[in-house]
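Structural characterization, general
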Amino acid sequence: MTVTRHSGVRADAAPDGSAPPAIELVGVRKTYRARGADVTAVRGLDLAIAQGEFFSLLGPSGCGKTTTMRLVAGFEAPTAGAIRLQGRDVTGVPADRRDVNMVFQSYALFPHMNVFENVAFGPRRRGAAKREIADRVGAMLELVDLTGRERRRPAELSGGQQQRVALARALVNRPRALLLDEPLGALDLKLRQAMQVELKRIQREVGVTFVHVTHDQGEALTMSDRIAVMNEGRIEQLGTPREVYEHPATRFTAGFIGTSNLLSGEVAEVTADRAVLRYGPAGRISVPLRSGLTVAAGERLELTVRPEKIGIGPDAPDGDALCRVRGTVTEVVYQGTSTSYSVATATGADVVAFLQNATSADEIAVRGDAVWLSWDPRHSYAIGAAT
Ligand code: ADP
Ligand code: MG
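The structure displayed is predicted, hence computed values, not measured ones. (Residues numbered from 1 in each chain as written. Chains lettered and ligands numbered in written order. Predicted model: local features only at pLDDT ≥ 70, side-chain atom pairs only at ≥ 80, totals over all residues. Heavy atoms only, no water.)

Description of the overall build of the protein chain
This is how it is decided: Numbering goes from the N terminus for both helices and strands, where a helix is a DSSP run of H or I of at least four residues and a strand is a run of E of at least two. Any residue under 20% of the maximum accessible area for its type is buried, any over 50% is exposed, and the rest in between are partly exposed; the area is computed with a 1.4 Å probe on protein chains only. The contact definition used throughout considers only heavy atoms, calling two residues in contact when any of these lie within 4.5 Å. Reported accessibility uses the Shrake-Rupley method at a 1.4 Å probe radius. Residues are deemed covered only where the shown protein chains occlude them.
When you go through the protein chain residue by residue, the secondary structure sums to 8 helices and 20 strands. Dimensions of the protein chain along its principal axes, counting C-alpha atoms only, are 80 × 50 × 50 Å. With 387 residues in all, the protein chain has 47% of them scored as buried. Contacts in the protein chain between residues far apart in sequence, at least 24 positions, make up 67% of those at least 6 positions apart. Surface summary for the protein chain: the accessible area is close to 18300 Å², and the carbon and sulfur share equals 49%.

Regarding the packing of aromatic side chains
Filter applied, for reference: Here a pair means two rings of Phe, Tyr or Trp (six-membered ring of Trp) with centres within 6.5 Å. Their orientation is stacked below 30 degrees between planes, edge-to-face above 60, and tilted elsewhere. Lysine and arginine charges are scored as sitting over a ring when NZ or CZ, respectively, is within 6 Å of the ring centre and within 35 degrees of the ring normal.
Applying the stated criterion across every chain, the model contains 3 aromatic pairs. Their ring planes at 45° and their centres at 5.6 Å tell us that Phe 54 and Phe 210 sit as a pair that is tilted. Placement of the pair is Phe 54 in strand S3 (residues 54-58) and Phe 210 in strand S8 (residues 209-214), with a sequence separation of 156 residues. In terms of burial, Phe 54 and Phe 210 fall into one category: buried. Judged by centre distance (5.5 Å) and plane angle (10°), the ring pair of Phe 252 and Phe 256 falls under stacked. Within this pair, Phe 252 and its partner Phe 256 are both found in helix H8 (residues 251-256), separated by 4 residues, close to a single helical turn. The ring of Phe 110 has Arg 169 sitting right over it, with the charged end atom 5.0 Å from the ring centre.

Structural notes on the packing of helix H2 (residues 115-125) against helix H3 (residues 130-143)
To characterise two packed helices, one gives the angle between the axes of the helices and the distance between these axes. Defined as follows: Helix axes are fitted only over the stretch in contact, all axes being lines through C-alpha atoms; the angle between N-to-C directions runs from 0 to 180 degrees. Angular relationships are summarised with four words: roughly parallel below 35 degrees, roughly antiparallel beyond 145, roughly perpendicular across 65 to 115, and oblique for the angles in between. Left-handed is the label given to a crossing in which the near helix is rotated counterclockwise from the far helix by less than a right angle, and right-handed is the label when the rotation is clockwise.
Viewed as axis vectors pointing N to C, H2 and H3 meet at an angle of 125°, and their least axial separation amounts to 9 Å. The angle between H2 and H3 places the two elements in the oblique class. The handedness of the crossing between H2 and H3 is right-handed. In this structure, H2 contributes Val 115, Phe 116, Val 119, Ala 120, Pro 123 and Arg 124 to the contact, and H3 contributes Ile 133, Ala 134, Arg 136, Val 137, Met 140 and Leu 141.

Given below as structure tokens:
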């Protein structure tokens, strides 16, 4: 049995021949009026999601992720702005005419129907022929690896299997886009990780645009082509997993995604593309300056550096090629594949360094040791003026 790719086939071309974005939000705002008070959940979102993309909205609880999804699905109307699907303005179009399907954390399967009936629900309601329904449901159950479970009720399935039924039930309708709101949130860690890989495979096979909501940064990094990091109804940063992880553009992104070290120092010197900061006695940090960021000598600049980029040793690194900071080890935590060292630096900030346990099972330093931290300047990432 084959699963037809339906992105591309149905993509309407823009006048210049290129496919329009699958989903576009233009200046979208949403204010709820609840018990006499206004709550603005989404504050001016501009976003374009490409055909066939696996796109994630990542942010803490309450930042507006579900609201954004409900706006795209048509369950809520924006207070301002426009929503376009495949280049067509759907701002006033009801949910059942939008060609997008939503999958929720709670699955929302029909408990009294078996697996086959649950998946057949959409095509049946649209009046598809019996034969066609059987074919389509069969193909979907094969896609989500549930062939042979047709007669089971949802209560007779594991959480992961129920989630796969929910997925099949949405995809059988051949939506142009699938919206997944914390779809793996109810699963335990092991199952969640297995389902992350599954979801990605399914998305690749069907080629449908997936918009996925999560507050779990690991999940977003693992599955997404691109991630929008959301905070308080706004997008803080948008980029590939590598971009948002390696180059967090704001303090919020740096703190929310992974462990990150925030350092600040006085600018000693500025060249065309970098600044050199003084950091305590003998400490020195070189930072590439990305476009749009201007600093002058004497100002304070804030930067991030990821823990796995930092080396640690008893001696000062040679020459000026590396960033270098002095400190005292305050904590050593063995973590299996790596060891985490916390170091109190000369200016008071704590820096965490992760070192792979690849070559040695021994600790490089112990609590109380005076050490040097060093890293390649390209792993320093300037955030902006320190306040
Ligand atoms: P998330 O999915 O990121 O947790 P939501 O979009 O659910 O965030 O909520 C964003 C904000 O909007 C929150 O402050 C929430 O309390 C508020 N909100 C969500 N839905 C409603 C509603 N129907 N009425 C009033 N306020 C709401
Ligand atoms: Mg939510």
